Amino acid sequence: MLLEEKNSLSEEIEKYVNEYGNNRAALMPILQAVQRNHNYVSDFAQQEVARMLDIHPVEVYSVISFYSFLHSKPRGRNIVRLCRTIACDMVGKDAVEKAVTRELGIGFGETTKDGKITLEFTNCLGMCDQGPAMIVNERVFVKLDPEKAINILNEIK
Amino acid sequence: MKKDELRTPVSQRPHVIESTHVEKGIGENVSVFINDKKITVPFGTSILDACRENQIHVPTLCHHPDLCIAGTCRICVVEVEGMRTLQTSCSFPITAPIKIHTSTPMVRKARRHIVDLLLSEHYGECYTCVRNNNCELQSLAKEYGVDEYMFGHVTESRYKVDKSSYSVVRDMDKCILCKRCVRTCIDLQEVGVLEAIDRGYETHISTFMEKPLADVICINCGQCINRCPTGALKANDPSDEIWEAIDDPTKHVVMQTAPSPRAAIGEMFGQEPGKSFTGEMNTALRRIGFDKVFDTNFTADLTIMEEGTELIKRLYSALVKKDKSVALPQFTSCSPGWVKYLEHFYPDYIPNLSSAKSPQQMFGALIKTFYAQEEGIDPKDIVCVALMPCAAKKFECNRPEMNSSGFKDVDYGLTTREMGKMIMEAGILLPEMPQSHFDNPFGDASGAGLIFGATGGVMEAALRTVLELVTGEKVENFFDRANITPVRGFEGIKYAEVPVTKVGPVPEILKNLIPNWDWLKDATLKVAVVHGTANAKKVMEDIKAGGKFSECHFIEFMACPGGCLGGGGQPIPTTEEIRKKRAQAIYSEDESLPVRKSHENEHVVSLYDKFLTDGPCGEISHKLLHTHYIKRGKFIV
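Residues numbered from 1 in each chain as written. Chains lettered and ligands numbered in written order. Predicted model: local features only at pLDDT ≥ 70, side-chain atom pairs only at ≥ 80, totals over all residues. Heavy atoms only, no water.

Topic: the overall build of chain B
- For chain B, the count of helices and strands is 21 helices and 17 strands.
- In terms of C-alpha radius of gyration, chain B reaches 27 Å, essentially the compact-globule figure of 26 Å for 637 residues.
- For chain B, the spread of C-alpha atoms along the three principal axes comes to 95 × 60 × 50 Å.
- Counting every position in chain B, which comprises 637 residues, the buried fraction comes to 60%. (Helix = DSSP H or I, 4+ residues; strand = E, 2+ residues; numbered from the N terminus. Rg over C-alpha atoms; globule rule 2.2 N^0.38 Å. Buried < 20%, exposed > 50% of the residue type's maximum accessible area, 1.4 Å probe, protein only.)

Listed below in structure tokens is the structure:
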């Protein structure tokens, strides 16, 4: 990472710390903000957060590794999560899954080469009555079929 | 509402606890029934403590007296009448007159299942494990009659063994996630290297970004090894290499033994803590095949001479010459864990650290120069082994700058546990050995070197010498039987002021450094003693903020709680009680010795006459006995 990038990242985290506070309780909102802006929390960012909150870097990493929506490794700019839980599974998740992998040319858990989209499975989104459901970044799409799913992907491409 | 409540399964219905008016009961006593026996305990005592005080056995695994309560392992569950589920006794404070049962069919079944479930994810064979016969999981499995793997058993290794560190080896296949190491690292030592990573079945203990232990800010104190209930954490064992050296007739294998192992090694042979086995150990080591057995206390005495002189030099420059660049307070540098802690967390304070090497490294340098020369042995044929209570010493002897003799000064650092194992392997029963003395030319050391093993020991030894050199009077005139009690004891941070009431003539050995003592007349020497890096952090923050400790002249830091006798290489278990007993053993051995001050050790005096001819902090001693440190910083690359 370049020094310039590091400095701007530090400044950004400092801004979040000023906004959310410099105690342990502020850890989650700060990490979420970094995640939203950079799609992942780099090891440098983790150590900066730890330094400013006066906790250990490994504690920050522990929290990131616990939550599915926080990442310590680079992800695509858009994260597409398909629900794999039983209700969605029974109303055609498999078809959507196949269509999506074919369209993007990557498997689940992978990122497209251009770094635009990361595919992931997720557990229940609470949309069991409207499945199959998919969540793109922070927006939920329901009652999917293969065609609809591909249209959504093309829009974000 | 009523209807909904009926629909919820029993296990999910809200559990109503009667209000206990917590504020009201503090300071009062509560009467409870444990196994139908009426017991009165102070309000807020945990069920576990109440049971233990009344000799009722409750098994524990994640609980450790040095650490905070976690309640993760669930093995200590008991039945509380009126409660729907079993309660963990370690984390249940008694606030009401409850009835507790520690051995009902439900409790026994639950405990057996808990151990069985822990075993279902515990990979590895007991026979090949370093903790065989000293494993808490193993004894619980025996205690609760786990005779088959009801929940299956892992047959394949899931994790790679991390052998990157010189000191600590991590084998996460054996980990049962009790999180003792996490609490040790974060709470007890405040180093923060280990944490639980991932979630659910995937959970494992790891470092920042799963980096090898050698690449993170581990200070190698080994306290986690000492807390681990299984063999998941162990020290990097060099005993095979040492056996090889012993069996090689061309090698001259020399052993130096630190003060703490002798006070604890008996525990490896079923002896009560608090008994020294110095003489027995010397005989055992010779029978194993070590060519010479030396006492590290000798170089502890030398450390006092060097570090004490350095302190006097610093004080003289700062107070008389008004040199602003002199860093005060001076920090001790005997504890390699503390040195690495400072290098990582407070690199700006490295100038405060005494440049004197630790006793182990001083001895290594002397053995491969002075001793080799005296005995006419080629230093390349000498293998120097150090018996230490410490995991960090393994790292220290591998520091690249520790080669002032032209060779690797100390070849292997061996912990008390590994030494005990080697003695057993040689078929020797330590407590039955005849006693013998240490070998010359270094001979028996003074009591001042011996008490290095306990927290406050370095300070006490230094004060004994400095006071006598400055005042020209016996320490016994100031402190009863030369026991400087203000710096003894197990409080985390101790502060003492020692007034210099009079000054004497400058002794011969320091004549070339200072003209007179007049500048110390009516001065007060301010000293502090700190053990455990969590306490060290407090003191360092205070110094940073310009508080009371920044006005100290000399501060002793030890990385491990209790000093070396509670080190990461000592026999397991180590608790507050055991540490106190080991300290007692060390202090009583000190009192029994004829020479109890470093500068009175005739071997030290003769070494300065014969070899280090330009005196303490002279040119030769600077080359051999002093070192430099690295600004490591906190950032993990």
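There is more to say, and it comes next.
Let's talk about the domain arrangement of chain A
- Each domain of chain A was delimited in the assignment, giving domain 1 (3-66) and domain 2 (78-156).
- Placing the centre of domain 1 of chain A and that of domain 2 of chain A at their C-alpha centroids yields a distance of 29 Å. (Domains from an automatic or database assignment.)

Comments concerning the domain arrangement of chain B
Residue and element names in this part refer to chain B.
- For chain B, the domain assignment lists domain 1 (2-103), domain 2 (115-235) and domain 3 (301-357 + 444-625).
- Tallying the contact residues gives 14 residues for domain 1 and 17 residues for domain 2.
- Both faces combined, the contact of domain 1 with domain 2 buries some 1200 Å², and carbon together with sulfur accounts for 64% of it.
- Its largest share of buried area at the contact with domain 2, domain 1 owes to Leu-61, Leu-67 and Ile-75, together 45% of the area lost on that side.
- The interface formed by domain 1 and domain 2 includes one salt bridge.
- Between Asp-66 and Arg-227 there is a salt bridge, with its nearest N and O atoms 2.9 Å apart. (Contact = heavy atoms within 4.5 Å. Buried area = accessible area lost by both parts, 1.4 Å probe. Salt bridge = Lys/Arg side-chain N within 4 Å of Asp/Glu carboxyl O.)

Side note on the state of the cysteines
All names here are of chain B.
- Summed over the entire model, instances satisfying the criterion amount to zero disulfides over all chains.
- Considering cysteine sulfurs only, Cys-90 is the nearest to Cys-76, which forms no disulfide, with 3.7 Å between them.
- No disulfide involves Cys-228; its sulfur sits 6.3 Å from that of Cys-178, the nearest cysteine.
- Taking relative accessible area as the criterion, Cys-228 reaches 6% and is therefore assigned buried. (Disulfide = S-S within 2.5 Å.)

So, the nonpolar core
- The biggest cluster of nonpolar side chains holds 54 residues, and the ones touching the most others in it are Val-193, Phe-331, Trp-338, Leu-342, Met-540, Ile-555 and Phe-557 of chain B.
- In terms of residue count, the dominant contributor to this core is helix 12 (residues 336-345) of chain B (five residues).
- The contact partners of Val-193 of chain B, leaving out residues within four places of it in the chain, are Val-58 of chain A together with Cys-185, Ser-206, Thr-207, Phe-208, Leu-213, Val-216, Ile-217 and Cys-218 of chain B.
- Listed in part, the 38 residues of the second largest apolar core include Cys-334, Phe-452, Val-487 and Ile-514 of chain B. (Core = buried A, V, L, I, M, F, W, Y, C linked by side-chain atoms within 4.5 Å.)

Observations concerning the pairing of strand 2 (residues 37-42) of chain B
- Sheet analysis places strand 1 (residues 29-34) of chain B next to strand 2 of chain B, joined by six bridges and oriented antiparallel. Bridging across to strand 2 of chain B, Val-30 of chain B finds its partner in Val-41 of chain B. (Pairing = 2+ DSSP bridges.)

Re the sheet that holds strand 16 (residues 524-531) of chain B
Residues and elements named next belong to chain B.
- If you walk across this open sheet you meet the four strands as 12-17-16-15, and the pairing is mixed. Pairing within the sheet leaves two strands with one partner each, and these edge strands are strand 12 (330-331) and strand 15 (493-499).
- Where strand 12 lies against strand 17 (residues 554-558), two bridges are found, and the strand directions are parallel. Bridge pairing in strand 17 links Phe-331 to Ile-555.
- Sitting on the sheet, helix 17 (residues 457-471) is in contact with strand 15, strand 16 and strand 17, with an inclination near 150 degrees to strand 17. (Axes fitted to C-alpha atoms, helices over the stretch in contact; angles between N-to-C directions.)

Let's talk about the sheet that holds strand 1 of chain B
Residue and element names in this part refer to chain B.
- Across the sheet, which stays open at both edges, the five strands sit in the order 2-1-5-3-4 with mixed pairing between neighbours. What marks the edges here is a single partner per strand, and that holds for strand 2 and strand 4 (87-88).
- As paired strands, strand 3 (residues 77-80) and strand 5 (residues 99-101) are joined by two bridges and run antiparallel to one another. The residue bridging Glu-79 from the neighbouring strand is His-101, located in strand 5.
- Along the sheet face, helix 4 (residues 105-120) touches strand 3 and strand 5 and points at about 155 degrees away from the line of strand 3.

Notes on a negative patch on the surface
All names here are of chain B.
- Residues Asp-240, Glu-241, Glu-244, Asp-247 and Glu-425 make up a contiguous surface patch of negative charge.
- Residue contributions to the negative patch peak at four residues, all from helix 8 (residues 239-247).
- Mapped onto the elements, Glu-241 comes out in helix 8. (Patch = residues over 30% accessible without salt bridge, like charges linked within 9 Å, V, L, I, M, F, W, Y side chains within 5 Å. Areas by Shrake-Rupley, 256 points an atom, 1.4 Å probe, with all protein chains shown as cover. Lys, Arg positive; Asp, Glu negative; His and termini not counted. Charge placed at Lys NZ, Arg CZ, Asp CG, Glu CD.)

Remarks on the packing of helix 1 (residues 3-20) of chain A against helix 3 (residues 43-53) of chain A
Residues and elements named next belong to chain A.
- Packing of helix 1 against helix 3 leaves a shortest axis separation of 10 Å and a crossing angle of 40 degrees. Taken together, the axes of helix 1 and helix 3 lie oblique to each other. With respect to the hand of their crossing, helix 1 and helix 3 are arranged in right-handed fashion. Contacts from Lys-6, Leu-9, Ser-10, Ile-13, Glu-14 and Val-17 of helix 1 reach helix 3 at Phe-44, Ala-45, Glu-48, Val-49, Met-52 and Leu-53.
- In terms of residue class, the contact of helix 1 with helix 3 is made up of eight nonpolar, one polar and three charged. (Parallel < 35°, antiparallel > 145°, perpendicular 65-115°, else oblique. Left-handed = near helix turned anticlockwise from the far one by under 90°. Nonpolar A, V, L, I, M, F, W, Y, C, P; charged D, E, K, R; others polar.)

What about the interface of chain B and chain A?
- Residue-level contacts link 20 residues of chain B with 15 residues of chain A.
- Both faces combined, the contact of chain B with chain A buries some 1600 Å², and carbon together with sulfur accounts for 62% of it.
- Among the residues chain B hides against chain A, the three largest losses belong to Arg-199, Phe-208 and Met-209 of chain B. Together they make up 38% of the total.
- Along the contact surface separating chain B from chain A lie zero salt bridges.
- Counting across the chain B and chain A interface gives seven residue pairs in polar contact (both at pLDDT 80 or more).
- With three residues, the single largest contributor to the side of chain B that touches chain A is strand 7 (residues 195-197) of chain B.
- Here the side of chain B that touches chain A is built from residues that sort into 10 nonpolar, three polar and seven charged. (Polar contact = N/O pair within 3.5 Å; in protein donor to acceptor, adjacent residues only side chain to side chain.)

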